Amino acid sequence: MHWSDRPFELGTRGRRAHLAVRGLSAGYGAFLVLRDLAFDVRPGLTVVLGPNGAGKTTLLRALNGLLARQGDVLLDGNDLPEATHEIVRAGVALVPEGRQLFPQMTVAENLELGGWLVARADRRRRLEQVLQDFPKLRERASQLAGTMSGGEQQMVAVARAMMSAPRLLMLDEPSLGLAPRMVDELLVIVRRIADAGTTVLMVEQNVKKALAVADRGYVLERGALVASGPARLLARSSVIREAYLGAESTAPDTTRPMARAATPG
Ligand code: ATP
């Protein structure tokens, strides 16, 4: 059995989330990593690509309240709160880099923790839904998370985030360290989550595979967005081909460079 044999039921009912970010700056103390970013995360699957140290993790941490930020972050036109628990309540969940499961707890216990802000009755219903969508996790419900393979742990981390019924799911390099087949399975699941109605923002280093499943992409370099566009076109852009793919394609570059005067859209 694969991880993704059928469509997901986990979708958000109602309007799909739209995150609008304007003038976002964040960093560590006096060290500013992100400078004045403006971008949109529209319904569907958006990826942020970029080299090591570009600020991708910093971006997700700033959006998730783990790092102080400046600028406007609007979820469907409303200011996103700054405290993480309020951000979760507002419908935003993060699958952090490195998964950060509790290794000495079972799969079921890890999942339940993902629903800590959900009312108890809803939590049970939500867990049942998550186990339906991730049938392999039902088989493993009583296994200690720390004894699972890297790919299985990543699935637990995604399923745990879905326990809070997010309208916006953010993932930080979910494919890191996974075998190629597992990366493919994971990306199919991320795509299904987006198709089922949860807006997805995913940071990835696996440029080719990420652009193959995404709707739109942004390229972050040294804390600034340098290109954006539909994923299909971005994959053929000179920015991506030269810096990441080393491809020899001669397709015309139709993506919109964002350097300096970016107009979000
Ligand atoms: P990677 O793909 O390697 O994870 P990234 O694009 O996610 O890279 P970040 O982890 O956001 O990049 O790091 C951006 C910059 O911020 C780097 O220069 C990094 O050294 C710095 N940085 C990250 N975390 C901290 C921290 N806790 N304190 C100080 N500087 C930090």
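Residues numbered from 1 in each chain as written. Predicted model: local features only at pLDDT ≥ 70, side-chain atom pairs only at ≥ 80, totals over all residues. Heavy atoms only, no water.

> Looking at this structure, I do not really get the pairing of strand 8 (residues 199-204). What am I missing?
In the case of a regular strand, side chains alternate between the two sheet surfaces. Along strand 8, six of the six residues are buried, which leaves the element largely enclosed by surrounding structure. Here strand 8 shows two buried faces, one formed by Thr199, Leu201 and Val203 and the other by Val200, Met202 and Glu204. Sheet topology places strand 3 (residues 45-49) next to strand 8; five bridges connect them, and they run parallel. By the bridge assignment, valine 47 is partnered in strand 8 with methionine 202. Looking at chain direction, strand 7 (residues 168-172) and strand 8 are connected through five bridges and run parallel. Within the sheet, the bridge partner assigned to methionine 170 lies in strand 8 and is leucine 201. Note that the unit made of strand 7, helix 7 (residues 180-195) and strand 8 has a crossover that is right-handed. (Buried < 20%, exposed > 50% of the residue type's maximum accessible area, 1.4 Å probe, protein only. Helix = DSSP H or I, 4+ residues; strand = E, 2+ residues; numbered from the N terminus. Pairing = 2+ DSSP bridges. Right-handed = clockwise from strand over helix to strand, strands pointing away.)

> Hey, could you run me through the sheet that holds strand 5 (residues 78-79) in this one?
Think of a sheet as strands paired side by side through backbone hydrogen bonds, with each pair either parallel or antiparallel. Strand order in this open sheet of four strands is 2-1-4-5, and the pairing throughout is antiparallel. Looking along the sheet, the strands with just one partner apiece sit at the ends: strand 2 (31-41) and strand 5. With two bridges connecting them, strand 4 (residues 69-75) and strand 5 associate as antiparallel partners. Residue pairing across strands places leucine 74 opposite aspartate 79, the latter belonging to strand 5. Docked against the sheet, helix 1 (residues 56-63) engages strand 1 (19-28), strand 2 and strand 4, running at close to 110 degrees with respect to strand 1. (Contact = heavy atoms within 4.5 Å. Axes fitted to C-alpha atoms, helices over the stretch in contact; angles between N-to-C directions.)

> Explain helix 7 to me, please; I cannot follow it from the model alone.
Given 3.6 residues to a turn, an α-helix orients residues that are three or four positions apart in the same direction. Given a rise of 1.5 Å per residue, 16 residues ought to cover 22 Å, and the 23 Å separating the end C-alpha atoms of helix 7 matches this to within 8%. Looking at the buried positions of helix 7, the neighbouring elements they touch are strand 3, helix 6 (150-162), strand 7, strand 8 and helix 8 (207-213). Looking one or two residues beyond helix 7, the residue adopting positive phi is glycine 197, at roughly 120 degrees. (Expected span 1.5 Å × (residues − 1).)

> When you look at the site of the ligand in this model, what are you seeing that I'm missing?
Taken together, 14 residues lie around the ligand, and Gly53, Lys56, Thr57, Thr58 and Gln205 are the ones closest in. Here an oxygen atom of the ligand and a side-chain polar atom of glutamate 97 are 3.4 Å apart. Counting only elements with at least two residues in the shell around the ligand, the list comes to strand 2 and helix 1. No other element matches helix 1, which puts three residues into the shell around the ligand. (Near = heavy atom within 4 Å. Polar contact = N/O pair within 3.5 Å; in protein donor to acceptor, adjacent residues only side chain to side chain.)

> Is there a simple way to explain unusual backbone geometry in this structure?
Non-glycine residue aspartate 36 carries a positive phi angle of around 55 degrees. Locating aspartate 36 in the fold gives a position in strand 2. What makes aspartate 36 exposed here is its relative accessible area of 59%. The phi torsion at arginine 222 lies on the positive side, around 45 degrees, for a residue other than glycine. Inspection of the secondary structure assignment puts arginine 222 in the loop between strand 9 (216-221) and strand 10 (224-230).

> When you look at the packing of helix 3 (residues 107-114) against helix 6 in this model, what are you seeing that I'm missing?
Each pair of packed helices gets described by two things: the angle between the helix axes and the distance between those axes. One can describe the packing of helix 3 onto helix 6 by two numbers: an axis separation of 7 Å at closest approach and a directional angle of 35 degrees. Judged by the sense of rotation from one axis to the other, the crossing of helix 3 with helix 6 is right-handed. When helix 3 is examined against helix 6, the residues Val107, Asn110, Leu111 and Gly114 are found in contact with a partner set consisting of Val156, Ala159 and Arg160. Grouping the constituent residues of the contact of helix 3 with helix 6 by class yields four nonpolar, two polar and one charged. (Left-handed = near helix turned anticlockwise from the far one by under 90°. Nonpolar A, V, L, I, M, F, W, Y, C, P; charged D, E, K, R; others polar.)

> I tried to follow the nonpolar core on my own but got confused; where do I start?
Across soluble globular proteins, nonpolar side chains have a tendency to be buried as a group. Within the largest apolar cluster, 47 residues are counted, with the highest numbers of intra-cluster contacts made by Leu111, Leu169, Val200 and Met202. When residues in this core are grouped by element, the largest group, eight residues, is from helix 7. Structurally, this core is a two-domain feature, drawing no fewer than three residues from each of domain 1 (19-91 + 166-243) and domain 2 (99-150). Beyond its immediate stretch of four places on either side in the chain, valine 200 contacts Val41, Gly44, Leu45, Thr46, Leu168, Leu169, Leu171, Val190, Ile193 and Ala194. The next biggest cluster of nonpolar side chains, apart from the first, holds 28 residues, and it includes Val33, Leu34, Val73 and Ile87. (Core = buried A, V, L, I, M, F, W, Y, C linked by side-chain atoms within 4.5 Å. Domains from an automatic or database assignment.)

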